[in-house]
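The chain contents come next:
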Amino acid sequence: MATKSLNCPLSSAILVFMKYCVLIIDGAAGWPLDERGKKTTLELASTPNLDRMARDGVVGLVRTVPPGMEPSSAVACMSVLGYDPAVYYGGRSAIEAISMDIPFDENDVLFRCNLVSIRDGAMRSYCAGHITSDEGRALIEEIDAKLGGDGVRFYPGVGYRHICKLTGRGDALSSVCTPPHDIPDKPIAEYMPHSDGSDVLVDLMERSKGVLQNHRINMEREARGGMPANMIWLFWGSGRIPELPSFRDKYGLSGAMISAVDLLRGLAKMSGLDVLEIDGVTDNIDNDYAGQIAGALDAFTDNDIVVVHVEAPDEAGHGGSIDNKVRAIEDIDREMVSRLHSFDGGDLRVLVMPDHPTPIAIKTHTTEPVPFLLWGSGIDGGDAKRFSEAEAADTGLFIDKGYTVLDRLVRVRC
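Residues numbered from 1 in each chain as written. Predicted model: local features only at pLDDT ≥ 70, side-chain atom pairs only at ≥ 80, totals over all residues. Heavy atoms only, no water.

## Examining the overall build of the protein
Counted only if it meets this: Helix numbering and strand numbering both begin at the N terminus, where a helix is a DSSP run of H or I of at least 4 residues and a strand a DSSP run of E of at least 2. Throughout, a contact is declared for two residues whenever any of their heavy atoms are within 4.5 Å. Using a 1.4 Å probe, the Shrake-Rupley method yields the accessible areas, and only the shown protein chains count as cover for residues.
For the protein, the helix and strand inventory stands at 15 helices and 14 strands. Dimensions of the protein, computed from the C-alpha atoms along their principal axes, are close to 60 × 45 × 40 Å. Of the contacts made within the protein by residues no fewer than 6 positions apart, 76% connect residues no fewer than 24 positions apart. Just so you have it, the protein exposes about 16,000 Å², and 47% of that area is on carbon and sulfur atoms.

## So, the pattern of salt bridges
For the record, the criterion: Think of a salt bridge as a Lys or Arg side-chain nitrogen and an Asp or Glu carboxyl oxygen that are within 4 Å of each other. Throughout this description, buried means an accessible area under 20% of the type-specific maximum (1.4 Å probe, protein chains only), exposed means over 50%, and partly exposed covers the range between.
On inspection of all chains with the given rule, the structure shows 27 salt bridges. Of the charged contacts in the structure, one is a salt bridge between Arg386 and Asp51, with a shortest N-O distance of 3.5 Å. Of this pair, Arg386 sits in the loop between strand E13 (370–376) and helix H14 (389–394) while Asp51 sits in helix H2 (residues 48–56), and the two are 335 residues apart along the sequence. Residue Arg386 shares its accessibility class with Asp51, and that shared class is buried. For Arg216, the salt bridge goes to Glu220, with nearest N and O atoms at 3.3 Å. Taken together, the residues span about one helical turn, with Arg216 and Glu220 both in helix H8 (residues 216–223) at a distance of four residues.

## A few points about the packing of aromatic side chains
Put simply, the rule reads: Between rings of Phe, Tyr and Trp, where Trp is taken as its six-membered ring, a pair exists when centres lie within 6.5 Å; planes separated by under 30 degrees are stacked, by over 60 edge-to-face, and by other angles tilted. Ring-over charges, as used throughout, are those where CZ of Arg or NZ of Lys falls within 6 Å of the ring centre and within 35 degrees of the ring normal.
In total, this model carries five aromatic pairs according to the counting rule given. Seen from their ring centres, Tyr83 and Tyr88 are 6.0 Å apart, and the 85° between their planes marks the pair as edge-to-face. Note on Tyr88: relative accessible area 22%, which makes it partly exposed. Positioned above the aromatic ring of Tyr83 is the side chain of Lys250, whose terminal nitrogen or guanidinium carbon lies 5.6 Å from the ring centre.

## With respect to the packing of helix H3 (residues 73–80) against helix H10 (residues 262–271)
Under the convention used in this document: For helices, the fitted line uses only the C-alpha atoms of the stretch in contact; every axis is such a line through C-alpha atoms, and the angle between N-to-C directions lies from 0 to 180 degrees. What sets the label is the angle itself: under 35 degrees gives roughly parallel, over 145 gives roughly antiparallel, 65 to 115 gives roughly perpendicular, and the rest give oblique. Here is the rule for handedness: rotate from the far helix to the near one, and if that takes an anticlockwise turn smaller than a right angle the crossing is left-handed, while a clockwise turn gives right-handed.
As a packed pair, H3 and H10 sit with axes 10 Å apart at the nearest point and diverge in direction by 40°. In this view, H3 runs oblique relative to H10, as classed from their interaxial angle. Helix-helix and strand crossings are classified by hand; for H3 and H10 the assignment is right-handed. The segment H3 lies against H10, with Ser73, Ala74, Cys77 and Met78 engaging Leu263, Leu264 and Leu267.

## What to know about the environment of Asp34
For the record, the criterion: Here a polar contact means two N or O atoms within 3.5 Å. Within protein one must be a hydrogen donor candidate and the other an acceptor candidate, and residues neighboring in sequence count only if both atoms are side-chain atoms.
Inspection of the secondary structure assignment puts Asp34 in the loop between strand E2 (19–25) and helix H1 (41–44). On the basis of relative accessibility, which here comes to 59%, the residue Asp34 falls in the exposed class. Along the sequence, Asp34 and Ala361 sit 327 residues apart, while their C-alpha atoms lie 9.6 Å from each other. Side-chain polar atoms of Asp34 contact the side chain of Lys38, separated by 2.6 Å.

## Looking at H8
Put simply, the rule reads: In this description, the arc belongs to the directions extending from the helix axis to the C-beta atoms.
If you check which residues of H8 are buried, you get Ile217, Asn218 and Arg221. Down the axis of H8, the buried side of the element spans an arc of 95°, and every buried residue falls inside it. Along its buried surface, H8 packs onto helix H6 (133–147) and helix H7 (199–212). Remark: Gly225 follows H8 within two positions and exhibits a positive phi of approximately 90°.

## Observations concerning the environment of Thr301
Inspection of the secondary structure assignment puts Thr301 in the loop between helix H11 (289–299) and strand E11 (305–310). Accessibility expressed as a relative area gives 67% for Thr301, which makes it exposed. In the structure, Thr301 is positioned 260 residues away from Thr41 in sequence and 35 Å away in space, judged by C-alpha atoms. A distance of 3.1 Å separates the side chain of Thr301 from the backbone oxygen of Asp298, its partner in a polar contact.

## Observations concerning the nonpolar core
Here is the rule we go by: Take the buried residues of types Ala, Val, Leu, Ile, Met, Phe, Trp, Tyr and Cys, join any two whose side-chain atoms come within 4.5 Å, and each joined set is a nonpolar core.
Core analysis: the biggest nonpolar cluster contains 53 residues, and Val22, Ile95, Ile305, Leu351, Phe372 and Leu409 have the highest contact counts within it. A total of six residues in this core trace back to one element, the largest contributor, which is H3. What Ile305 contacts, discounting residues up to four positions off in sequence, is Tyr20, Val22, Phe247, Leu253, Ser254, Gly255, Ala256, Leu406, Leu409 and Val410.

## Focus: unusual backbone geometry
The residue Lys38 is not glycine, and still its phi comes out positive at about 65°. Structurally, the position occupied by Lys38 is in the loop between E2 and H1. Classification of Lys38 as exposed rests on a relative accessible area of 55%. Residue Trp236 is not a glycine yet carries a positive backbone phi of 50°. Relative to the helices and strands, Trp236 resides in strand E8 (residues 231–238). The class for Trp236 is buried, based on a relative accessible area of 13%.

## Let's talk about the pairing of E11
Which entries qualify depends on this criterion: In this scheme, strands are said to pair when DSSP sees at least two bridges between them.
Taken across its six residues, E11 has six buried, putting it largely inside the fold. Residues Ile305, Val307 and His309 line one face of E11 and the alternating positions Val306, Val308 and Val310 line the opposite face, and both faces are buried. Inspection of the sheet shows E2 paired to E11 by six bridges, in the parallel sense. Across the sheet, the residue bridging to Tyr20 is Ile305, located in E11. Relative to E11, strand E9 (residues 255–258) runs parallel, the two sharing four bridges.

## Details of the environment of Ala29
Note that Ala29 resides in the loop between E2 and H1. With 297 residues separating them in the primary sequence, Ala29 and Val326 have C-alpha atoms 11 Å apart. Each residue touching Ala29, except ones within four places of it in the same chain, is listed here: Leu42, Lys325, Pro354, His356, Pro357, Thr358, Pro359, Val370, Pro371 and Glu389.

## A closer look at the confidence of the model for the protein
The predicted coordinates ought not to be read in detail in places where the model reports low pLDDT. Spelled out, the test is: Each residue carries a pLDDT score, the predictor's own confidence in it, on a scale running from 0 to 100.
With 95% of its residues at a pLDDT of 70 or more, the protein has an overall mean of 94. Note that pLDDT drops below 50 for residues 1–13; the model gives that stretch 31 contacts with residues more than four away or on any other chain.

Shown next as structure tokens:
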């Protein structure tokens with residue numbers, strides 16, 4: 001079906017008395033599932049609140065990953081927040097380091113450092129069976145004590161996600177690295193870092209096995225049937241990154257972010273959004289969805305716009321779990337979207353969208369456009385009957401430059 005641009009008349013200024021919410025349902029889009037009647041997880045999920053919003057609002061497709069760029073959440077979420085990744089993206093690890101207040105300068109390079117589970121030479125879990133933050137911190141501190149020093153430092157993050165900083169090894173940025181979530185159950189020997197500068201990465205990864213193998217935490221995890229974090233995996237290298245114009249200067253709005261992951265928190269800090277701490281907000285299926293959205297609604301007291309990022313659908317996609325991904329989408333609809341729909345604190349506009357697809361079949365991200373939903377004051381209903389990939393395509397509405405979708409929320413009368 002032919003597509004058409006979303007050409008609503010632009011207002012001359014942002015609607016200053018409006019409240020805005022951006023709900024990023026990370027990785028919720030995907031491919032039709034042969035084993036589930038050719039339906040996607042968005043189509044399988046019961047989402048009465050999203051569907052009601054879809055009928056009352058505007059639904060379409062948006063390209064969040066520019067051609068030729070990696071389909072990472074860093075690229076895609078930068079688009080969602082209104083920044084052109086082709087201009088401002090310089091690597092994911094530096095964004096996460098900013099969130100973690102890790103000092104670095106032009107002599108440093110940073111790599112994401114996952115704790116992973118390797119069995120029989122294959123990648124069995126990119127997240128060490130979703131190791132907890134407390135366990136991950138203890139293991140990374142041990143790694144830093146044993147492998148750190150002489151221009152090498154390790155910094156603990158959230159869950160399985162950590163950072164390695166190398167000083168004076170700019171050549172390591174030439175390494176060809178593969179994210180561990182791209183190689184589920186595949187032999188790791190084929191995907192170890194390679195090319196110029198990779199020697200330091202491979203050396204650290206190999207030496208980490210001896211540090212982690214018999215660590216008390218891993219022995220306890222295995223004793224209760226869990227996966228051991230028996231290796232580190234280094235990837236997503238980056239140096240210094242371009243400075244973002246502030247969100248307030250760009251949109252004239254005060255704003256805040258709620259997310260459990262360092263990437264989004266780093267993007268928030270870079271753009272001048274406040275980072276809100278809400279108890280119970282996690283990066284997985286156990287997230288307190290009701291608490292997260294309640295925190296967002298409370299934040300409207302001091303902010304014009306609140307960005308709410310939910311990681312759970314993406315984690316389920318990486319884990320290959322149809323049921324968990326459907327459950328996460330349904331929980332978001334029941335606990336979060338329902339509260340946005342019934343908001344009685346004044347005029348509200350909402351943008352709901354995944355950042356990228358995470359198809360169950362391949363357990364990693366893809367570059368296809370994702371469905372978006374604009375709903376609220378001044379936005380008239382369109383042609384969609386529910387919120388899904390197919391319905392979004394059928395409307396014929398398409399935004400090619402994903403970094404302009406936020407303009408449609410805050411500057412457009414549809």
